[in-house]
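Descriptive structure summary
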Amino acid sequence: MKGADIDVLSNEVESEQQDHPMDSILRMDRMPHIWCPGCGLGTVVSCFAAAADECGMDYDRMCVVSGIGCTGRVAGYLQLDGYHTTHGRAIPFATGLHLANPDLKITVVSGDGDLVAIGGNHLIHAARRNLDMVVICVNNFIYGMTGGQVAPTTPEGMKATTSPFGCLERPFNLPYLAASSGATLVARWTTLDVRRMVKTFAKAFQKKGFSFLEIISPCPTLFMRRNKMGDGVNMMRHFKEDRVIEHGADPRDADIDATGKFLVGEFLDIERPTYIDSYRDMVERISIKTAPKAEKKSAESVQSKAKKKAPSGEKDAEKSGEPALAGAGQS
Amino acid sequence: MQNTVEAAPKFWRTPLDEGKVTSPIGEVLTIPERCKGCGWCVEFCPKNVLTTSDSFNSKGYYYPVVGRTDECVDCRLCERICPDFAIYLRRAPA
Amino acid sequence: MLTADPVSQSAAAQEVLDGILPPGSYYLNGDEAAAEGAIAANARFFAAYPITPATEVAERCAERFPECGGTFIQMEDELAAMNCILGGAWAGAKALTSTSGPGFSLMMENLGLGIMTETPCVVVNVQRAGPSTGLPTAVAQQDMMQARWGSHGDYEIIALAPDSPCECFTLAIRCFNLSEQFRTPVLLMSDEIIGHMTEKVLVPAADEIEIVPRRLTDAPKDEYWPYVPDDDLVPAMANAGTGYRYHVTGLTHDYRGYPALTPEDQHAQVTRLKDKILTNKDKIITYEMVMMDDAEVCLLSYGSASRVARSVVDILRQNGIKAGLLRLITVWPFPEEIVYEVANQVKAIVVPEINMGQIVREVERAAKGCAQVKLVPHAGGDLHDEPTILKAVQEGLR
């Protein structure tokens, strides 16, 4: 019976030539993507694109940097300058992009294993420096791409290929980790909370500072199958039942265990100077200090040179092949 | 929660803006070949507009179809939540 | 900001140094000279982790980059430093890092990322004795093979070896030029003796310094793909944020930058990356020959070991032995053709290097048996002494 219906189209089904409104920001020449049915990564991409559109981001200046893993493939599906780097090293790569050209709007999208295990050191330092970038950590509690190994976020007792008898370790509380390291915007949503995710992404894009956004996503093929949690719909229902929205909650309370309720929301939204702010202040300070009193250069011209060093991505420098970057006084 | 028919709400008095404010109406468009049958649009549509088709696409996934044609209010949750960019909305003229 | 330079007292030296040092002579150690050379090459992005004996490069850059309009950051480890400079390079800057053996090992994976994504950048390795923590403050040349083979996978690399602080300055500039010309990370294989030795460095006028600019694409935005090679097998680049919206990945990829994972794609990718360097060897390889025209024995050396080899050549000549020096400036790609020619000319090639035999293997391979090849090993810690090398020459000539 089902097979016979394959040629019957209901009146809502359109032809394949139609375009989805999001197609212009996606690399349609690489679709369909590799993610499984019931995986939330496509949803994260959808919300990312919607948020960028909503706040009128200049797509030419947006960069996406990702690491290795299922989430790491996100950079490859967005029609933006994208960098698919090595495992755990998306954040330092993004640091370099950002510091050399602070006008770029950089988002790091990577998974829990990539950002918090091998990349953990870079995460905490980038947060500590309050680098102006957005880090979207898609947490599916597992190492997906490599077949389902235990991750630093796998809840205690849950099974994975490298913890076949149950995970022995206490998982990280990612919002707490990020907040205590110095992140200035810390939030967590699930892939069910699409509108809230869009709002928080948009806020993060427009905020100056280090934003750490944890997105809880199902991994039906590996994490959930091994732990008999059903399919993607089951996980999303579990999100609906068990997630508790509490804006401004103390990140300390944001632990996730296998069975209980867990917090989502915008936990932290503060302001403090970014690394670039401090760097620019320093450059101005030293320029004034070393300005000679002699006739050759007046103090004003040195100060105005120091102000000129506040960068704005010099496009004509790019034509001559010389780099455009932070404080470029040269061409 | 799936596929139950909601009764029309009963108000104890007529809302002051009745007749001035109308809900938007959405037209659901699907790209069945992109669908991977995750079921989220069907599950979470707040107006239970969608239902799973009896037909499947060339990859064997059962894609969504509109069940309750007049109920879509163009909230675009399905468009946002779909991981495969397989469903989107057009606002129908008022 | 700078320590007083007794040699150069010009008023120019007192001004705000927003770029290259004013022309003149300076007393700098190798590390400082490498930093100044980078600035002269228009490098304006530095990220590193402190490690003896390379720390002075970072310290010099920490002082000089902010006043030159550059960016300096000390990263949390060498893995971060290597990735940071890759990102900085993609944002449009000329970027470098500095390290020594243990850090060099940490950088290997992401050096590979730089090679695979064809990212121009420079890594300065001020070599020290290993393995492991070894002798942090003492010289060796034990990373020479690692420079070539240290990262996983099949690739070619460009590595230059300075023999003096002056050459640290000039070769740093050359490293940047080669990295931009061939869109590849380039290694400056210094060592602790050169790095910590203070010598006179001659800084030329800015207009006498040749700087190779980045090869940026002029393709229309909707027709640009990031890995379409030009005739010399080097693709034109586009900096981030300039509207080209390309994708770059460490996965094996095709001309579009998209992952392409068939054996055919792998073959195409790896052979182009190798040929990019190998077919352009004549533009990359440099060396110095001293008294080689009539030489019967060749001392082949590089870096600080070549300084001792040079004086050994003088001693041999004074004793009537026709010795000559072939000093490798470009160590990788290895100058096989030159070494083969030399092997056909001389009776023996003596290779003093401060390791237990690394570049000597390449010499043996390139000589193809046409001359005897004799290694003068040294486990590290200081330079060879002349009698040891002299003895090896005598044995080689027997």
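Residues numbered from 1 in each chain as written. Chains lettered and ligands numbered in written order. Predicted model: local features only at pLDDT ≥ 70, side-chain atom pairs only at ≥ 80, totals over all residues.

Describing the overall build of chain C
- The helix and strand tally for chain C stands at 13 helices and 16 strands.
- Taking 21 Å as the expected radius of gyration for a compact globule of 398 residues, we find that chain C reaches 21 Å, a close match to that expectation.
- Based on the C-alpha atoms only, the size of chain C along its principal axes is roughly 70 × 60 × 40 Å.
- Put simply, chain C has 398 residues, and 57% of those count as buried.
- Long-range pairs, those at least 24 residues apart, make up 74% of the contacts in chain C with a sequence separation of at least 6. (Helix = DSSP H or I, 4+ residues; strand = E, 2+ residues; numbered from the N terminus. Rg over C-alpha atoms; globule rule 2.2 N^0.38 Å. Buried ≥ 20, exposed ≤ 12 C-beta atoms within 10 Å, placed from the backbone. Contact = placed C-beta atoms within 7 Å.)

Section: the sheet that holds strand 13 (residues 323–328) of chain C
Residues and elements named next belong to chain C.
- Read from one edge to the other, the open sheet built from five strands follows the order 11-13-12-15-16, with strand pairing classed as mixed. The open sheet has two free edges, formed respectively by strand 11 (287–290) and strand 16 (372–376), since each of these has just one partner strand. Going across the sheet, the axis of each strand differs from the next one's by a mean of 20°, ignoring polarity.
- Here five bridges tie strand 12 (residues 297–301) to strand 13, and the two strands are oriented parallel to one another. If you follow Cys298 over to strand 13, its bridge partner there is Gly324.
- Lying on the sheet, helix 10 (residues 305–318) is in contact with strand 11, strand 12, strand 13 and strand 15 (348–352); it crosses strand 13 at an angle near 165°. (Pairing = 2+ DSSP bridges. Axes fitted to C-alpha atoms, helices over the stretch in contact; angles between N-to-C directions.)

Comments concerning helix 11 (residues 336–345) of chain C
Residues and elements named next belong to chain C.
- Inspection of helix 11 places Val339, Val342 and Ala343 among the buried residues, and these make up the whole buried set. The buried side chains of helix 11 occupy one side of the element, clustering within an arc of 100° when seen end-on. The exposed residues of helix 11 that point more than 90 degrees off its buried face are Glu337 and Asn344. (Arc of directions from axis to C-beta.)

Topic: the interface of chain B and chain A
- Each side of the interface is counted separately: chain B has 27 residues, and chain A has 32 residues.
- With four residues, strand 2 (residues 50–56) of chain B is the single largest residue contributor to the side of chain B that touches chain A.
- By residue class, the composition of the side of chain B that touches chain A is 15 nonpolar, five polar and seven charged. (Nonpolar A, V, L, I, M, F, W, Y, C, P; charged D, E, K, R; others polar.)

Focus: the environment of Ala54 of chain C
- Locating Ala54 of chain C in the fold gives a position in the loop between strand 2 (45–48) and helix 2 (55–67).
- Residues in contact with Ala54 of chain C, not counting those within four places in the same chain, are Asp31, Ser98, Thr99, Ser100, Val124, Val126 and Gly195 of chain C.

With respect to the domain arrangement of chain C
All names here are of chain C.
- In terms of domain boundaries, chain C breaks down into domain 1 (11–208) and domain 2 (288–397).
- The straight-line distance from the C-alpha centre of domain 1 to that of domain 2 is 27 Å.
- At the junction of the two partners, domain 1 supplies 22 residues and domain 2 supplies 22 residues.
- Elements supplying a minimum of two residues to the side of domain 1 that touches domain 2: strand 6 (135–139), helix 5 (144–149), strand 7 (158–160), strand 8 (185–191) and helix 7 (192–196).
- The dominant element in the side of domain 1 that touches domain 2, judged by the number of residues it contributes, is helix 5, at four residues.
- Classifying every residue of the side of domain 1 that touches domain 2 by side-chain character gives 16 nonpolar, two polar and four charged. (Domains from an automatic or database assignment.)

Points about the sheet that holds strand 3 (residues 105–111) of chain A
- If you walk across this open sheet you meet the nine strands as 9(A)-10(A)-7(A)-8(A)-4(A)-3(A)-1(A)-2(A)-10(C), and the pairing is mixed. Single-partner strands in this sheet number two, and they are strand 9 (243–245) of chain A together with strand 10 (247–249) of chain C. Geometrically, the sheet is characterised by an average inter-axis angle of 20° between neighbouring strands, direction not taken into account.
- Note: strand 9 of chain A against strand 10 (residues 262–269) of chain A, three bridges, orientation parallel. Note that in strand 10 of chain A the partner of Val244 of chain A across the bridge is Leu263 of chain A.
- Helix-sheet contacts for helix 5 (residues 174–181) of chain A involve strand 4 (133–139), strand 7 (185–190), strand 8 (210–216) and strand 10 of chain A, and the interaxial angle to strand 7 of chain A is about 170°.

Looking at the pairing of strand 3 (residues 62–66) of chain B
- With four of its five residues buried, strand 3 of chain B lies for the most part within the structure.
- Between the end of strand 2 of chain B and the start of strand 3 of chain B, which pair antiparallel, lie five residues, with Gly60 of chain B showing a positive phi angle near 95°.

A few points about the pairing of strand 8 of chain C
All names here are of chain C.
- Within strand 8, seven of the seven residues are buried, leaving the element largely enclosed by the surrounding structure.
- On strand 8, burial covers both faces: Pro185, Leu187, Met189 and Asp191 on one face and Val186, Leu188 and Ser190 on the other are all buried.
- Here strand 5 (residues 121–129) runs beside strand 8; their pairing, made up of seven bridges, is parallel. Bridge pairing links Val126 to Ser190 in strand 8.

Considerations on the packing of helix 10 of chain C against helix 13 (residues 386–397) of chain C
Residues and elements named next belong to chain C.
- Running from N to C, helix 10 and helix 13 point in directions that differ by 60°, and their axes come no closer than 10 Å. Judged on the interaxial angle alone, helix 13 and helix 10 are oblique. Crossing of helix 10 against helix 13: the hand is right-handed. Along the contact surface, helix 10 presents Val308, Ala309, Ser311, Val312, Ile315 and Leu316, while helix 13 presents Glu386, Ile389, Leu390 and Val393.
- Broken down by class, the residue content of the contact of helix 10 with helix 13 amounts to eight nonpolar, one polar and one charged. (Parallel < 35°, antiparallel > 145°, perpendicular 65-115°, else oblique. Left-handed = near helix turned anticlockwise from the far one by under 90°.)

Brief notes about the environment of Met237 of chain C
Residues and elements named next belong to chain C.
- With respect to the helices, strands and loops of the structure, Met237 is situated in the loop between strand 9 (198–203) and strand 10.
- With 23 C-beta atoms counted inside 10 Å, the residue Met237 sits in the buried group.
- In sequence terms Met237 and Val308 are 71 residues apart; their C-alpha atoms lie 42 Å from each other.
- Other than its neighbours up to four places away in sequence, Met237 contacts Arg183, Arg214, Arg215, Leu216 and Thr217.

What about the nonpolar core?
- Ranked by size, the top nonpolar core spans 245 residues in total, and within it Val65 and Leu97 of chain A together with Ile85, Ala172 and Ile349 of chain C carry the most contacts.
- It is helix 6 (residues 165–182) of chain C that provides the largest number of residues to this core, a total of 10 residues.
- For Leu97 of chain A, the residues in contact, after removing those within four places along its chain, are Cys63, Val65, Leu104 and Ile106 of chain A together with Gly87, Trp90, Ala91 and Ala240 of chain C. (Core = buried A, V, L, I, M, F, W, Y, C linked by C-beta atoms within 7 Å.)

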